[in-house]
Amino acid sequence: MDGGTSSSSRAEREEPPGDPVERARAICLRLLTGTPRTRKQLADALRKRDIPDEAAEEVLSRFEEVGLINDGAFADAWVESRHHGRGLARRALARELRTKGVDPTLIDAAVSQLDSEQEETTARELVARKLRATRGLDRDKRLRRLAGMLARKGYPEGLALRVVRQALEEEGEDTDFLGDATD
């Protein structure tokens, strides 16, 4: 085997072939095949692959025009999926969407799909599932674990404490120690 042949083929693989617009188009299509992505995620991927800004902008704009990139639809689907699948609250969902580069206006519209009643119902379901695992622990530890679980999922403290308090009361646990902090 000739050593020069393998190094020249390696150099060909490292040297990006063709028109930057075509390369950008191919990269975006490949990335969008697996999962929906935001415009910012695709722009970051193109930048990382040294696609010139003009070529990236041309491809991303065209993909938006034809509906292959739609940050609003992405945000709506993300909220629906992550709320029902992982039980995340509006605050956590908004934080995740911000890290994905979704416009704040689109984030507000997507998380407004969840009303406070729906959020509270989900919080109750999460606590009900976790309640069994905390049996046998003292009430302070149960409260901290259950409220902490809700806090990590983005639920406001007042809602978390109210939901945990009600769940513990329904189970017969004394919650007078919480006082008016949850009212």
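Above this text is the structure in question.
The structure presented is a predicted model; accordingly, all values stated were derived computationally and were not measured. (Residues numbered from 1 in each chain as written. Predicted model: local features only at pLDDT ≥ 70, side-chain atom pairs only at ≥ 80, totals over all residues. Heavy atoms only, no water.)

A. The arrangement of the overall build of the protein chain in detail. Tallying secondary structure elements over the protein chain gives 10 helices and zero strands in all. Helices and strands in the protein chain line up, N terminus first, as α-α-α-α-α-α-α-α-α-α. Within the protein chain, the fraction of its 183 residues that count as buried is 38%. Split by element, the accessible area of the protein chain, about 11000 Å² in all, is 48% carbon and sulfur. (Helix = DSSP H or I, 4+ residues; strand = E, 2+ residues; numbered from the N terminus. Buried < 20%, exposed > 50% of the residue type's maximum accessible area, 1.4 Å probe, protein only. Areas by Shrake-Rupley, 256 points an atom, 1.4 Å probe, with all protein chains shown as cover.)

B. Structural detail: a nonpolar patch on the surface. Taken together, the side chains of Leu-29, Val-66 and Leu-68 present a nonpolar region at the surface, about 250 Å² in accessible area. Within the secondary structure layout, Val-66 lies in the loop between α4 (53–65) and α5 (71–86). (Patch = residues over 30% accessible without salt bridge, like charges linked within 9 Å, V, L, I, M, F, W, Y side chains within 5 Å. Salt bridge = Lys/Arg side-chain N within 4 Å of Asp/Glu carboxyl O.)

C. Structural detail: the environment of Glu-54. Looking at where Glu-54 falls in the secondary structure, it is placed in helix α4. Taking the relative accessible area as the measure of exposure, Glu-54 reaches 61% and is therefore exposed. Through-space distance from the C-alpha of Glu-54 to that of Val-21 is 8.6 Å; in sequence the pair is 33 residues apart.

D. Summary view of the packing of aromatic side chains. Per the counting criterion, the structure on display carries one aromatic pair. Ring centres 5.7 Å apart and planes at 20° place the aromatic pair Phe-74 and Trp-78 in the stacked group. Taken as a pair, Phe-74 and Trp-78 lie in helix α5 at a separation of four residues, close to a single helical turn. (Phe/Tyr/Trp six-rings, centres within 6.5 Å; stacked < 30°, edge-to-face > 60°.)

E. The pattern of salt bridges, seen in detail. The final tally for this structure, using the stated rule, is 14 salt bridges. For Arg-39, the salt bridge identified is with Glu-57, shortest N-O distance 2.7 Å. Taken as a pair, Arg-39 in helix α3 (residues 39–48) and Glu-57 in helix α4 lie far apart in primary sequence, 18 residues in all. Given the relative accessible area of 44%, Glu-57 is considered partly exposed. Here Arg-135 and Glu-171 are joined by a salt bridge, their closest N and O atoms 2.8 Å apart. Placement of Arg-135 in the loop between α8 (116–134) and α9 (139–152) and of Glu-171 in the segment after α10 (157–170) is noted, with a sequence separation of 36 residues between them.

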